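Read off the chains here:
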Amino acid sequence: MTNDLQPEGTGPRRADATPHAAALIEGLRDLGYSLETAISDIVDNSITAGASRVEIMTEVSSADPRIAILDNGLGMSEDELVAAMRPGSRNPLATRDEPDLGRFGLGLKSASFSQCRRLTVVTRKAGETSIAVWDLDDVADRNEWSVELPDDAPGVPEVDLLGTTGTLVLWEKLDRLAGNIADPPRRAEVINQRIAEAERHLRLVFHRFMEAGKPVEIVLNDRALRPLDPFARSNPATIADPVESLPLKQGSVEIQSYTLPHHKQMSNAAWDDLAGPEGHLKSQGFYLYRGKRLILHGTWFGLCRQSELTKLSRVRIDIPNSMDADWKVDVKKSSAQLPPLVRDRLQRVIERIQGGSKRTYRKRGQKLVDQERLPLWQRMQADGQIRYRPNIDHPAFVTFAEALPPDLRQGFFNCIALVGASLPVETLHADMAALPEQVAPDKVDDEVLAQAVQYTMSMLMEAGKDINEIRSLMKDVDPFRSAWAETQSIIEATLEARGQ
Ligand SMILES: Nc1ncnc2c1ncn2[C@@H]1O[C@H](COP(=O)(O)OP(=O)(O)OP(=O)(O)O)[C@@H](O)[C@H]1O
Ligand SMILES: [Mg+2]
């Protein structure tokens with residue numbers, strides 16, 4: 001079959017290859033959105049339209065559940081609305097205003113279709129209310145790119161909430177969310193659960209808009225969401241490094257490293273909120289913002305591993321929307337790739353962070369092997385292995401062994417060696433990786449502590465140390481460090497008993 005549309009002699013032959021509406025629009029559903037990335041894409045549009053309030057409302061208990069996203073932004077005229085409903089409404093190569101969070105002219109459609117089969121947009125501008133609907137079943141029947149323009153939207157109560165200007169995006173026929181669940185209460189439960197999971201994502205992705213001077217309020221089912229600052233900047237114990245700027249051809253990249261406070265320096269709730277469901281280990285890394293909107297986080301872009309050493313490090317990277325091509329930002333605004341020039345700079349940032357963490361780590365390591373400090377455990381590093389061994393020269397062991405009849409002494413040291421050799425390294429490692437802040441030295445009872453304090457004090461006194469030195473040495477090692485208040489009273493009582 002020939003499809004000659006071009007008169008001869010004016011160029012190569014051409015054939016009509018207009019996409020089949022029904023097929024292509026179905027294809028738009030599968031760009032890989034999740035519920036939270038889809039809602040975020042709609043919220044992007046509201047923020048770009050200057051909204052100061054975005055309300056996400058779910059009606060899940062009715063026979064036809066729906067999700068509505070309402071804003072009080074600029075709204076659209078009917079012509080603008082029709083343009084907005086067109087897949088590919090803007091050329092991705094066009095320059096956009098700086099605060100524009102869009103790029104591809106696709107998000108409204110692709111995000112909506114990823115979750116629903118019927119998208120209604122009701123918008124108001126200059127006293128005119130316009131409505132447009134894409135219904136995928138309708139497109140499948142007609143197989144043409146024609147958007148429906150109904151005169152009104154009956155049965156959509158959210159329309160009454162539109163102010164003088166603004167836009168309502170309505171998702172119906174939620175086949176992807178819970179379409180296969182026939183039982184209405186169960187379906188409502190599943191959708192509610194998914195919405196609840198999306199909440200944290202919204203608090204994080206838009207936190208800079210929610211906390212800025214002219215904040216955007218994001219409301220989820222009548223509840224205003226609190227911004228979630230991944231750098232905990234309001235906590236005075238957060239360490240912020242100076243801002244670095246990397247000027248490039250398409251704009252400037254801003255980089256700033258933060259070290260989060262230790263979990264003891266904040267409430268458990270704040271610590272868990274910062275960690276999220278993935279935990280702190282997986283939440284360290286770069287936080288990439290495009291136009292102040294978080295695009296991705298919790299990755300070192302393959303430049304280093306997410307390790308326990310750098311667990312509290314989070315690095316803010318800010319890029320303008322003029323750099324989309326360099327960073328290969330995707331339609332969902334949830335992935336990007338590192339341009340080579342930035343890669344080199346970030347490598348140095350990581351080396352600095354690792355250098356800092358390693359130094360503190362080594363310092364701790366030295367403390368452990370420092371003979372002055374009387375460790376009960378010794379850290380030994382040799383032949384590519386790190387071992388922990390009870391320190392049989394510790395006064396608590398030596399003094400006790402000396403009190404034993406000679407034939408029992410070797411047996412005592414054998415028992416101690418057995419404890420050291422059976423240290424459950426793998427379990428410790430797993431716990432340290434998953435719940436490090438919950439791993440703590442075992443508490444010793446008063447009698448054990450008192451005995452250890454007394455032996456240690458005697459030994460140090462015999463070695464000619466004065467009481468202040470003794471206190472300072474003991475304060476740094478367990479079991480005294482973790483029970484310092486009790487240790488101090490035992491020291492005082494011992495001094496008193498000795499008449500000192
Ligand atoms: N809530 C809204 N208020 C006002 N205008 C809107 C709203 N939502 C969408 N628009 C208009 O519709 C257009 C198309 O939106 P869409 O999300 O499909 O693409 P985009 O935002 O331009 O780019 P991207 O695909 O990167 O999101 C927008 O450029 C904007 O002009
Ligand atoms: Mg958009």
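Residues numbered from 1 in each chain as written. Chains lettered and ligands numbered in written order. Predicted model: local features only at pLDDT ≥ 70, side-chain atom pairs only at ≥ 80, totals over all residues. Heavy atoms only, no water.

Caption draft 1: Geometry of the domain arrangement of the protein. Partitioning the protein into structural domains gives domain 1 (21-224), domain 2 (239-364) and domain 3 (372-497). On a C-alpha basis, the centroid separation for the pair domain 1 and domain 2 is 30 Å. When the two sides are added together, the surface that domain 1 and domain 2 hide from each other amounts to roughly 1900 Å², 50% of it contributed by carbon and sulfur. Of all residues in domain 1, Phe104, Arg200 and Arg208 give up the largest surface area on contact with domain 2, accounting jointly for 32% of the area buried on that side. (Domains from an automatic or database assignment. Buried area = accessible area lost by both parts, 1.4 Å probe.)

Caption draft 2: Here's a closer look at the site of ligand 1. Arg103, Leu106, Gly107, Lys109 and Lys333 are the nearest of the 20 residues found near ligand 1. Contact distances for ligand 1 include 2.9 Å between an oxygen atom and a backbone N or O atom of leucine 108. A total of 600 Å² of accessible area belongs to ligand 1 in isolation, and the protein chains cover 88% of it. Looking at side-chain class alone, the shell around ligand 1 contains 6 nonpolar, 7 polar and 7 charged residues. (Near = heavy atom within 4 Å. Polar contact = N/O pair within 3.5 Å; in protein donor to acceptor, adjacent residues only side chain to side chain. Areas by Shrake-Rupley, 256 points an atom, 1.4 Å probe, with all protein chains shown as cover. Nonpolar A, V, L, I, M, F, W, Y, C, P; charged D, E, K, R; others polar.)

Caption draft 3: Structural context of the layout of surface pockets. Considering only enclosed or pocket space, the second largest pocket measures out at about 810 Å³ in volume. Along the wall of the second largest pocket there are 35 residues; nearest its centre are Asn45, Thr48, Met76, Ala84 and Arg90. Residue assignment for the lining of the second largest pocket shows that the elements contributing at least two residues are helix H2 (35-48), strand E2 (66-71), helix H3 (78-85), helix H4 (107-115), strand E3 (118-125) and strand E5 (166-172). Counting residues per element, the lining of the second largest pocket draws most heavily on H2, at 6 residues. (1 Å grid on protein atoms, 1.4 Å probe; cavity = no way out; pocket = protein on both sides within 12 Å on 5 of 7 lines; lining within 4 Å. Points joined across faces, edges and corners; volume = space filled by probe spheres on them. Helix = DSSP H or I, 4+ residues; strand = E, 2+ residues; numbered from the N terminus.)

Caption draft 4: Molecular detail of the packing of helix H16 (residues 446-462) against helix H18 (residues 484-497). For the pair H16 and H18, interaxial distance at closest approach is 10 Å and the crossing angle is 60°. In this view, H16 runs oblique relative to H18, as classed from their interaxial angle. Our pair here, H16 against H18, has a crossing hand that is right-handed. Mapping the contact onto sequence places Leu449, Ala450, Val453, Gln454, Met457 and Met461 in H16 and Glu486, Thr487, Ile490, Ile491, Thr494 and Leu495 in H18. A breakdown of the residues in the contact of H16 with H18 according to their chemical character gives 8 nonpolar, 3 polar and 1 charged. (Axes fitted to C-alpha atoms, helices over the stretch in contact; angles between N-to-C directions. Parallel < 35°, antiparallel > 145°, perpendicular 65-115°, else oblique. Left-handed = near helix turned anticlockwise from the far one by under 90°. Contact = heavy atoms within 4.5 Å.)

Caption draft 5: Seen up close, a nonpolar patch on the surface. A cluster of nonpolar side chains, Trp377, Ile386, Tyr388 and Val419, forms an exposed patch at the surface whose accessible area comes to about 350 Å². Its location among the elements puts isoleucine 386 in strand E15 (residues 385-390). (Patch = residues over 30% accessible without salt bridge, like charges linked within 9 Å, V, L, I, M, F, W, Y side chains within 5 Å. Salt bridge = Lys/Arg side-chain N within 4 Å of Asp/Glu carboxyl O.)

Caption draft 6: The nonpolar core, seen in detail. Grouped together as the largest cluster of nonpolar side chains are 59 residues, with contacts concentrated most on Ile39, Val43, Ile56, Leu119, Trp171 and Phe206. When residues of this core are assigned to domains, at least three map to each of domain 1 (21-224) and domain 2 (239-364). Grouped together as the second largest cluster of nonpolar side chains are 24 residues, Leu296, Cys304, Val342 and Val349 included. (Core = buried A, V, L, I, M, F, W, Y, C linked by side-chain atoms within 4.5 Å. Buried < 20%, exposed > 50% of the residue type's maximum accessible area, 1.4 Å probe, protein only.)

Caption draft 7: Inspection of H3 at higher detail. Along H3, the positions that sit buried rather than exposed are Leu81, Ala84 and Met85. Relative to the axis of H3, the buried residues are bounded by an arc of 95° and lie together on one face. Those residues of H3 hidden inside the fold are in contact with H4, E3 and strand E4 (128-135). (Arc of directions from axis to C-beta.)

Caption draft 8: Seen up close, the sheet that holds E2. Across the sheet, 7 strands lie side by side as E4-E3-E5-E2-E1-E6-E7; this open sheet has mixed pairing. Each end of this open sheet is capped by a strand with a single partner; those strands are E4 and strand E7 (223-224). Of the pairings in the sheet, the one linking strand E6 (residues 217-220) to E7 comprises 2 bridges and is antiparallel in character. Bridging from a neighbouring strand, valine 219 pairs with alanine 224 of E7. Of the strands in this sheet, strand E1 (53-59), E2, E5 and E6 are in contact with H2, which crosses E5 at around 160°. (Pairing = 2+ DSSP bridges.)

Caption draft 9: Focus on the packing of H2 against helix H7 (residues 184-205). The N-to-C vectors of H2 and H7 enclose an angle of 55°; their axes lie 9 Å apart at closest approach. Of the possible angle classes, the one that applies to H2 and H7 is oblique. Like other packed secondary-structure pairs, H2 and H7 cross with a definite hand, here right-handed. Listed contacts from H7 to Leu35, Glu36, Thr37, Ile39, Ser40 and Val43 of H2 are Arg194, Ile195, Glu197, Ala198, His201 and Leu202. Its residues assigned to classes, the contact of H2 with H7 comprises 6 nonpolar, 3 polar and 3 charged.

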